Amino acid sequence: MTVLPEADWTRRNDLALLAETLGPDSMRWVGGAVRDTLLDIPVADVDCATLPRPEKGIDLCRAAGIRTVPTGIDHGTVTAILDEGPVEITTLRRDVSTDGRRATVAFADDWREDAARRDFTINALYAHPKTLEITDFFGGLDDLAARRVRFIGDARTRIREDHLRILRYFRFTTRFGDAWDEEASKACSTLAPTLKGLSRERVGWELQNLLALPDPSATVAKMRELGVLQ
């Protein structure tokens, strides 16, 4: 059993209140906060996945005096406005259909099903709010230890679901990887033309995040080599 190390954010009183409000066994901290804590780097944002549907979550928060904003309620996401910073609360989901730009989702009751629709194994780590025990369905802990960025399941399938994942692969490998994953790189090269179907705003935002990293020059060269930059 792997347990998330305690960090400043895991000791926040407002997060403890949120966990009690939603039900500690009905929610998990997920994504970047879990990943970055394991890497002992500062945590910028805290997200949670939860079993209650968005409307139920809103009602529970209201009863506890927690204000929420329906930031992405069509996709199951509301944001809790807490004293020490906002937290996105997203109901477990599964993809019904995707076209590379947007997804139609249905709510789910299975944690593994929710994890399976995420992009990389290192982003699909769930931590229990009380015990901090980590649930890892797809080998994310091993990949994190090996500094390897790997798509969940088949790389081409994940990219066809959301073409922006091509650029996210390069950004995440620059931040967290020591080498390029062969399957992922081939998939990104093959499907690079699909980036043309995305909005300039989404592409621009992702590229800005990549170029803001300490030394992205080798990554940009790799993107050019694979036909992605063009």
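Above this text is the structure in question.
Residues numbered from 1 in each chain as written. Predicted model: local features only at pLDDT ≥ 70, side-chain atom pairs only at ≥ 80, totals over all residues. Heavy atoms only, no water.

*Asks:* I'd like to hear about the overall build of the protein chain, residue by residue, with values.
*Replies:* Per the secondary structure count, the protein chain includes ten helices and nine strands. Here the C-alpha atoms of the protein chain give a radius of gyration of 18 Å, agreeing with the 17 Å that 2.2 N^0.38 yields for 230 residues. Projected onto its principal axes, the C-alpha positions of the protein chain cover 55 × 35 × 30 Å. Taking all 230 residues of the protein chain together, the buried fraction comes to 47%. Once local pairs closer than 6 in sequence are excluded, the contacts in the protein chain between residues at least 24 apart make up 61%. In the protein chain, which carries 32 positive and 37 negative side-chain charges, the distance between the mean positions of the two groups comes to 5 Å. (Helix = DSSP H or I, 4+ residues; strand = E, 2+ residues; numbered from the N terminus. Rg over C-alpha atoms; globule rule 2.2 N^0.38 Å. Buried < 20%, exposed > 50% of the residue type's maximum accessible area, 1.4 Å probe, protein only. Contact = heavy atoms within 4.5 Å. Lys, Arg positive; Asp, Glu negative; His and termini not counted. Charge placed at Lys NZ, Arg CZ, Asp CG, Glu CD.)

*Asks:* Mind laying out the nonpolar core, listing which residues take part and the relevant values?
*Replies:* Core analysis: the biggest nonpolar cluster contains 51 residues, and L18, W29 and V228 have the highest contact counts within it. It is helix 7 (residues 165-176) that provides the largest number of residues to this core, a total of six residues. Here L18 is in contact with W29, C61, I66, A80, L82, V87 and I89, once residues within four sequence places are set aside. Counting ten residues, the second-largest nonpolar core is a separate cluster that includes V30, W111, F138 and I152. (Core = buried A, V, L, I, M, F, W, Y, C linked by side-chain atoms within 4.5 Å.)

*Asks:* Residue-level account of unusual backbone geometry, with values.
*Replies:* The phi dihedral of D40 is positive, around 60°, even though this residue is not glycine. Within the secondary structure, D40 is located in the loop between helix 2 (32-38) and strand 2 (46-50). Assessed through its relative accessible area of 71%, D40 is described here as exposed. With a phi angle near 50°, R147 is a residue other than glycine that sits in the positive phi range. Here R147 shows up in the loop between helix 5 (140-145) and helix 6 (155-161).

*Asks:* Can you tell me about the sheet that holds strand 2, naming the residues and giving the values?
*Replies:* Here seven strands make up an open sheet; going across it, the order is 3-4-5-2-1-8-9 and the pairing mixed. In this open sheet, the two edge strands, each paired with only one partner strand, are strand 3 (67-72) and strand 9 (134-136). In this sheet, adjacent strand axes meet at a mean angle of 35° when their direction is disregarded. (Pairing = 2+ DSSP bridges. Axes fitted to C-alpha atoms, helices over the stretch in contact; angles between N-to-C directions.)

*Asks:* How would you sum up the pattern of salt bridges? Please name residues and give values.
*Replies:* Here the structure, examined in full by the defined rule, presents 19 salt bridges. D119 serves as the salt-bridge partner of R168, at 2.8 Å between the closest nitrogen and oxygen. Highlighted residues: R168 in helix 7 and D119 in the loop between helix 4 (111-116) and strand 8 (125-127), separated in sequence by 49 residues. A single network of salt bridges, built from pairs that share partners, joins E6, D8 and R11. (Salt bridge = Lys/Arg side-chain N within 4 Å of Asp/Glu carboxyl O.)

*Asks:* Hey, could you go over the side chain of S185 for me, with residue numbers and the actual values?
*Replies:* On the secondary structure map, S185 appears in helix 8 (residues 182-190). Those residues in contact with S185, other than ones at most four positions away along the chain, are Y169, W180 and L226.

*Asks:* Tell me about empty space enclosed by the protein, residues and numbers included.
*Replies:* Inspection of the entire model under this criterion finds one cavity of 30 Å³ or more. Among the secondary structure elements, those contributing two or more residues to the lining of the largest cavity are helix 3 (54-63) and strand 5 (87-91). The greatest single-element share of the lining of the largest cavity, amounting to three residues, is contributed by strand 5. (1 Å grid on protein atoms, 1.4 Å probe; cavity = no way out; pocket = protein on both sides within 12 Å on 5 of 7 lines; lining within 4 Å. Points joined across faces, edges and corners; volume = space filled by probe spheres on them.)

*Asks:* Tell me about the environment of S199, and please be specific about residues and values.
*Replies:* Counting through the fold element by element, S199 comes out in the loop between helix 8 and helix 9 (200-211). Note: C-alpha distance between S199 and V69 (130 residues apart in sequence) is 26 Å. Among the polar contacts listed, one links the side chain of S199 to the backbone nitrogen of R202, at a separation of 3.2 Å. (Polar contact = N/O pair within 3.5 Å; in protein donor to acceptor, adjacent residues only side chain to side chain.)

*Asks:* Let's hear about the side chain of H163: which residues, and what values?
*Replies:* Within the element layout of this structure, H163 appears in the loop between helix 6 and helix 7. Of note is the side chain of H163, whose polar atom sits 3.3 Å from the backbone oxygen of T194.

*Asks:* Kindly report on the pairing of strand 5, identifying the contributing residues and their values.
*Replies:* Summarising burial for strand 5: four of the five residues are buried, a large majority. Here five bridges tie strand 2 to strand 5, and the two strands are oriented parallel to one another. Bridge pairing in strand 5 links D47 to E88. As defined by bridge partners, strand 4 (residues 77-81) adjoins strand 5 across four bridges and the pair is classed as antiparallel. Paired with T77 across the strands is T90, a residue of strand 5.

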